[in-house]
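A look at the structure
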Amino acid sequence: EQPKLINVENFDPYPYLIFDRFGRVASTNLNVSHTIERCQVDRKWLNDERKKILDDIEKEFRLALSIHKSIADQKAAFKTILHNFSDKANNHKETYLAFRKFALTKGLVSSILKSI
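**Details of the overall build of the protein**
Summing up its helical and strand segments, the protein has five helices and two strands in all. Each helix (α) and strand (β) of the protein, taken in turn from the N terminus, gives the series β-β-α-α-α-α-α. In terms of overall dimensions, the protein has C-alpha extents of about 60 × 25 × 20 Å along its principal axes. Counting contacts in the protein only where the partners sit at least 6 residues apart, residues at least 24 apart contribute 52% of the total. Accessible surface, the protein: about 8,000 Å² in total, of which carbon and sulfur atoms supply 54%. Here the protein holds 20 positive side-chain charges and 15 negative ones, and the gap between their average locations is 4 Å.

**Here we look at helix α2 (residues 44-67)**
In a regular helix each residue adds 1.5 Å, so 24 residues correspond to 34 Å; α2 covers 34 Å between its end C-alpha atoms and thus fits that length. Taken together, the buried positions of α2 are L46, N47, R50, I53, L54, I57, E58, F61 and A64.

**Focus: the side chain of R100**
With respect to the helices and strands, the residue R100 is situated in helix α4 (residues 97-105). The residues contacting R100, other than those within four sequence positions of it, are I53, F85, K88, A89, E94 and T95.

Reading the values: rules and limits
Residues numbered from 1 in each chain as written. Predicted model: local features only at pLDDT ≥ 70, side-chain atom pairs only at ≥ 80, totals over all residues. Heavy atoms only, no water. Helix = DSSP H or I, 4+ residues; strand = E, 2+ residues; numbered from the N terminus. Contact = heavy atoms within 4.5 Å. Areas by Shrake-Rupley, 256 points an atom, 1.4 Å probe, with all protein chains shown as cover. Lys, Arg positive; Asp, Glu negative; His and termini not counted. Charge placed at Lys NZ, Arg CZ, Asp CG, Glu CD. Expected span 1.5 Å × (residues − 1). Buried < 20%, exposed > 50% of the residue type's maximum accessible area, 1.4 Å probe, protein only.

In structure tokens:
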């Protein structure tokens, strides 16, 4: 018998998770997708919390742009912001680690930078 629900202690769903800019989560893996649905990992308030993470980093980027006039200072500020975001993505005491890592590695953060 093959259960549909995954056990995250025995199976890492991270490679199969897909997040969007609005914090929604999906998967192309049937078992991961089933687990997302059954455990309601894609419910509105969780999506809103994940979206807030990206909204906050966008605010930080915009603030850096408004404070720092030179390109060199802006780049340095962006580098610091990205470094702090990366630290949080690797800190097991933080929340929404899979989302944070996905945002860094799959271009959600860089798409925010491009849109500014």
